[in-house]
Amino acid sequence: MFTTATVTETKKFPSGSTVFSLIQPTGKIHLGNYLGAVSNWKDISQADEDPSTRYIFGTADLHALTSVKDQQVLKNARHEAIASLLATGISPERCIIYHQSSVPEHAQLSWVLTCLTSMGALNRMTQWKSKSKVDEMSSISDLETMGKTKAGVFTYPILQSADVLIYKSTHVPVGEDQAQHLELTRTIAQAFNSTYKTDFFPIPKSVLTPTKKILSLKNPSKKMSKSDADQNSCIYITETPDSIAKKIRKAATDSIQGKVYFDPENRPGVSNLINIVSGLSRKSIDETVKDLDWVKDHKQLKDHVTEMIVEEFKPKRHIFDDLMSDVAYLEQVTNKGREKAKAIAGPNMKEIERLIGLD
Ligand code: AMP
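Counting restarts for each chain: residues are numbered from 1 in the order of the written sequence. Given that this is a predicted model, residues contribute local features only at a pLDDT of at least 70 and side-chain atom pairs are listed and counted only at 80 or more, while totals for whole chains, interfaces and linings are drawn from all residues. Remark: hydrogens and water are excluded; side-chain values derive from all non-hydrogen atoms of the structure.

Looking at an unreviewed UniProt entry, the chain carries the name Tryptophan--tRNA ligase, mitochondrial, with the source organism given as Candida tenuis. Listed in UniProt under the heading Sequence similarities (unreviewed entry), the comment for the chain reads: "Belongs to the class-I aminoacyl-tRNA synthetase family." UniProt positions are given in the numbering used here, feature names are shortened, and annotations may be inferred rather than shown by experiment.

**Notes on the packing of aromatic side chains**
A pair of Phe, Tyr and Trp rings is counted when the ring centres sit within 6.5 Å of each other, with Trp represented by its six-membered ring. The angle between the planes then sorts it: under 30 degrees is stacked, over 60 is edge-to-face, the rest tilted. In the structure shown here, the tally under the stated rule is 10 aromatic pairs. Ring geometry for Phe13 and Tyr55: centres 6.4 Å apart, planes at 65°, overall edge-to-face. Pair noted here: Phe13 is in the segment before β1 (18-23) and Tyr55 is in strand β2 (residues 54-59), with a separation of 42 residues, a long-range link. The buried category is assigned to Phe13, whose relative accessible area is 3%. Considering the side-chain rings of Trp128 and Phe154, the 5.1 Å spacing of their centres and the 85° angle between planes classify their relative orientation as edge-to-face. Here Phe154 lies in helix α8 (residues 151-165) and Trp128 lies in helix α6 (residues 127-131), a separation of 26 residues in the sequence. When accessible area is computed with a 1.4 Å probe and restricted to protein chains, residues below 20% of their type maximum are described as buried, those above 50% as exposed, and intermediate ones as partly exposed. Among the residues examined, Trp128 registers a relative accessible area of 2% and is labelled buried. By relative accessible area, Phe154 is classed as buried at 5%. Helix and strand definitions follow DSSP, with helices as H or I runs of at least four residues and strands as E runs of at least two, each counted in order from the N terminus.

**What to know about the nonpolar core**
What makes a nonpolar core is a set of buried Ala, Val, Leu, Ile, Met, Phe, Trp, Tyr and Cys residues whose side-chain atoms join them at distances within 4.5 Å. With 51 residues, the main nonpolar core has Ile276 and Ile309 as its most contacted residues. Residue ranges assigned to the domains are those given by an automatic or database domain assignment. A domain split of this core shows at least three residues from each of domain 1 (4-213 + 327-356) and domain 2 (231-322). Here, two residues are considered to be in contact whenever any of their heavy atoms come within 4.5 Å of each other. Beyond its immediate sequence surroundings of up to four residues, Ile309 is in contact with Leu31, Ile235, Ile244, Ile248, Ile276 and Leu280. With 39 residues, the next largest nonpolar core counts Ile96, Val103, Ala121 and Ile352 among its residues.

**Overview of the site of the ligand**
Proximity is defined per residue: any heavy atom of the residue falling within 4 Å of a molecule or strand makes that residue near it. Around the ligand there are 14 residues in total, and Gly32, Gly175, Asp177, Ile214 and Met224 lie nearest to it. Under this definition, polar contacts are N or O atom pairs within 3.5 Å; protein pairs additionally need one hydrogen-donor-capable and one acceptor-capable atom, and for neighbouring residues in sequence, both atoms have to be side-chain atoms. Measuring from an oxygen atom of the ligand, one finds a backbone N or O atom of Gly175 at 3.2 Å. Contact distances for the ligand include 3.0 Å between a nitrogen atom and a backbone N or O atom of Met224. With 4 residues, the top contributor of residues to the shell around the ligand is helix α1 (residues 31-47). Under the grouping applied here, Gly and all other residues not named as nonpolar or charged are polar, the nonpolar ones being Ala, Val, Leu, Ile, Met, Phe, Trp, Tyr, Cys and Pro and the charged ones Asp, Glu, Lys and Arg. Looking at side-chain class alone, the shell around the ligand contains 4 nonpolar, 6 polar and 4 charged residues.

**What to know about unusual backbone geometry**
Within the chain, Lys133 stands out as a residue other than glycine whose phi angle is a positive 55°. Of note, Lys133 is situated in the loop between α6 and α7 (143-148). The backbone of Arg282 shows a phi angle near 55°, a positive value even though the residue is not glycine. Relative to the assigned elements, Arg282 resides in the loop between α11 (268-281) and α12 (285-291). The partly exposed category is assigned to Arg282, whose relative accessible area is 41%.

**Remarks on the confidence of the model for the chain**
How sure the predictor is of each residue is captured by pLDDT, a score from 0 to 100. Predicted confidence across the chain gives a mean pLDDT of 93, with 97% of residues reaching 70 or more. For the stretch residues 1-5, pLDDT sits under 50, and the model shows 9 contacts to residues farther than four places along the chain or on other chains.

**Section: the layout of surface pockets**
Site definitions follow a grid-based scheme: protein atoms alone, a 1 Å grid, a 1.4 Å probe that fits but cannot get out for cavities, and for pockets an open set with protein on both sides within 12 Å along at least five of seven lines, plus lining residues having an atom within 4 Å of a point. Grid points are joined across faces, edges and corners, and a volume is the space filled by probe spheres set on the points. In this structure, the second largest pocket spans a volume of roughly 230 Å³. In terms of lining, the second largest pocket is formed by 15 residues, of which the most central are Pro210, Thr211, Ser278, Gly279 and Arg282. Those elements that provide at least two residues to the lining of the second largest pocket are α1 and α11. Its residues assigned to classes, the lining of the second largest pocket comprises 3 nonpolar, 7 polar and 5 charged.

**As for the environment of Pro14**
Along the chain, Pro14 falls in the segment before β1. Those residues in contact with Pro14 that sit more than four places away from it in its chain are Thr53 and His171.

**Re helix α10 (residues 241-249)**
Looking at α10, one finds that the buried residues are Ile244, Ala245, Lys247 and Ile248. Taken down its axis, α10 places every buried residue within 165° of arc, on the same side. Turned more than 90 degrees away from the buried face of α10, the exposed residues are Asp242 and Arg249. On its buried face, α10 sits against α11 and α13 (298-324). Directions drawn from the helix axis to the C-beta atoms are what define this arc.

Have a look at this one:
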């Protein structure tokens, strides 16, 4: 995991920082993405009055090619992802909002970094194993595993490193599930700097979101995910109040009667609901448990959680629908974002070419 030197908890970044993160356009965002990523992007960018700090957010649409193979589905999902970011309240005036694929320097730098990254380092990553549906002890040197693993899924963390480094980003807000890839990004940045005897790349810090992983409502031993076969396990930002109420009513809890308390090991379902309340109210778990002192049973807890999610998502659902019916506006936002992103990535790539001898 992280050392304190590589993680920053603070929401106040030093002047001149570049804060960067992308989300995969693979469908509408759900409560996990919302609390674990994008609502935090909104909070940190909105609270920061220092104009010298840059915020860059967008869709990882090149990464999405590892799973989305349908042209129309991808086109629509890119729009949905941008509409979700805007509906969450991320400001296109304060932040650069764009599609990764519209700035070719990401892919260009990715090749440079591929030439500096060992297969062993990639082999130690865990995400390609779950995406390729192979055992977590698998190795890429195994013939059967090799056959099941697309090269893009294996080298995915290198493109992710290029995404971060092309803007010389200093801070990357990510969920816990991306911690390992950020660690690799730091290793790759150091490898570049030492190979080319430069300090060109800052070593980016992770900004862990205050809300820990949101778990599946039906099976709280795994994370909430849009790819879950049981869609009752996942709540989307566009969900109607009725549907939210139905899913929370069906959420797994336990047979312990009386007051609710936070105990992820023995009460994973109840603790997941408390974690959701904590994320939505932006209060710590301890404060949240105190606030919930009035709750006498599971039903009261579920009614409260339902009410909070409905309140949080109601305005966003309407904004999302309006934005999705105005694709021209979405494209206007991303075109403007692309120009601003290129104005940073272009000169950085020129300097990288000079440093490696390609000028
Ligand atoms: P993805 O949609 O998987 O590309 O995830 C986008 C962002 O949402 C990443 O920063 C993830 O860390 C975060 N995320 C995804 N699922 C969850 C979850 N269940 N709980 C918390 N954060 C999540």
